[in-house]
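Now for the letters of each chain:
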Amino acid sequence: MLGAVGFSQKSVDGKHLEFYRIDRGLIEISALANGTVVPIFEQVINSPINSRILEVYCQQGSLLEEGTPILKLDLQSTESEYRKLLDEEKMRGYQLEQLRANNETALGDMAMKMEVDRMNLQRLEVEYRNERYLDSIGSGTTDKVRQAEFAYKTGLLELEQQQKQYENAVKSKGADLKIKELEYDIFRRNLALMKRTFEDAQVKAPAKGILTFVNSQIGGQVTAGSHIATISDLSSFMVQGEITDIYANRVKPGGRVKIEINGSAMEGYINSVN
């Protein structure tokens, strides 16, 4: 009975109480996350071809200017193939010019022959008219009129046939020329791609920065697409952080973050969420 009375008493000793002043403000909910400081700009260089490393000009940590050679790949086979394609481009160009010249010559000959036949047809028409006139005044014969008429109509049909053949030849040769021009354009685009691959194989710094990685294994084989160097801009950085999925619905771009690095604190914002 004494214990129950003691717990139900209405007063407490003041030394057991702590008092605080309450201010108005926002209640912030935060979650801990870990992250890694990385450069904002970082460009990975991959090998554009299957090759092997012959020389390494720069070591990791070197400050590079744009265009600085980094390493040398074995380009003998690539260069040989590129030179071969250059020769083929010239040959295809000559063949295209020859085709244009042949088409112009063939069409020109056909047009010239039609012009000659047209003049001959005019002569036959005059002869036909003369025979008809002579026959009308009794100085000619019906046979001569028929012969002149037959020669004129035959020449007219031949000229019409030549005109159709000429039009068909223009269409056919024009289509053949367009096909050859298209093939030539496709070849030149492939050649340009090959040229770019050849130039990229001469590994150089794409921009100013620090060489943070380089494959320095001289004689080592590299495959197309394999990582051979990395250029980083160490003048600005960002933090790549990870956080538990429990807070996934609360972490959004634009959210505030507090970053602690070696005892120093700074604030920032979330740029993106993967």
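Below: a short report on this structure.

Conventions adopted
Residues numbered from 1 in each chain as written. Predicted model: local features only at pLDDT ≥ 70, side-chain atom pairs only at ≥ 80, totals over all residues. Heavy atoms only, no water. Helix = DSSP H or I, 4+ residues; strand = E, 2+ residues; numbered from the N terminus. Contact = heavy atoms within 4.5 Å. Buried < 20%, exposed > 50% of the residue type's maximum accessible area, 1.4 Å probe, protein only. Pairing = 2+ DSSP bridges. Salt bridge = Lys/Arg side-chain N within 4 Å of Asp/Glu carboxyl O.

Let's talk about the side chain of Glu89
Counting through the fold element by element, Glu89 comes out in helix 2 (residues 76-136). Setting aside chain neighbours within four positions, we find Glu89 in contact with Tyr184, Phe187, Arg188 and Leu191.

So, the environment of Tyr133
Within the element layout of this structure, Tyr133 appears in helix 2. In this structure, the C-alpha to C-alpha distance between Tyr133 and Val145, residues twelve residues apart in sequence, is 9.2 Å.

Some remarks on the pairing of strand 8 (residues 256-261)
The buried fraction of strand 8 amounts to zero of the six residues, a small share that puts the element mostly on the outside. Inspection of the sheet shows strand 8 paired to strand 9 (residues 264-269) by six bridges, in the antiparallel sense. Paired with Val257 across the strands is Gly268, a residue of strand 9. Hairpin remark: strand 8 followed by strand 9, antiparallel, with two residues in the connecting loop; positive phi at Asn262, about 50 degrees.

Considering the sheet that holds strand 4 (residues 71-73)
Taken together, three strands build an open sheet; the order of strands is 4-2-6 and the sheet is antiparallel. The open sheet has two edge strands, strand 4 and strand 6 (221-222), and neither has a second partner.

Examining the pattern of salt bridges
Taken as a whole, this structure holds twelve salt bridges when the rule is applied. Here Arg52 and Asp74 are joined by a salt bridge, their closest N and O atoms 3.5 Å apart. Residue Arg52 is found in strand 2 (residues 51-56), and its partner Asp74 is found in the loop between strand 4 and helix 2; the two are separated by 22 residues along the sequence. Taking the relative accessible area as the measure of exposure, Arg52 reaches 34% and is therefore partly exposed. The salt bridge involving Arg123 is made with Glu127; its shortest N-O contact spans 2.8 Å.

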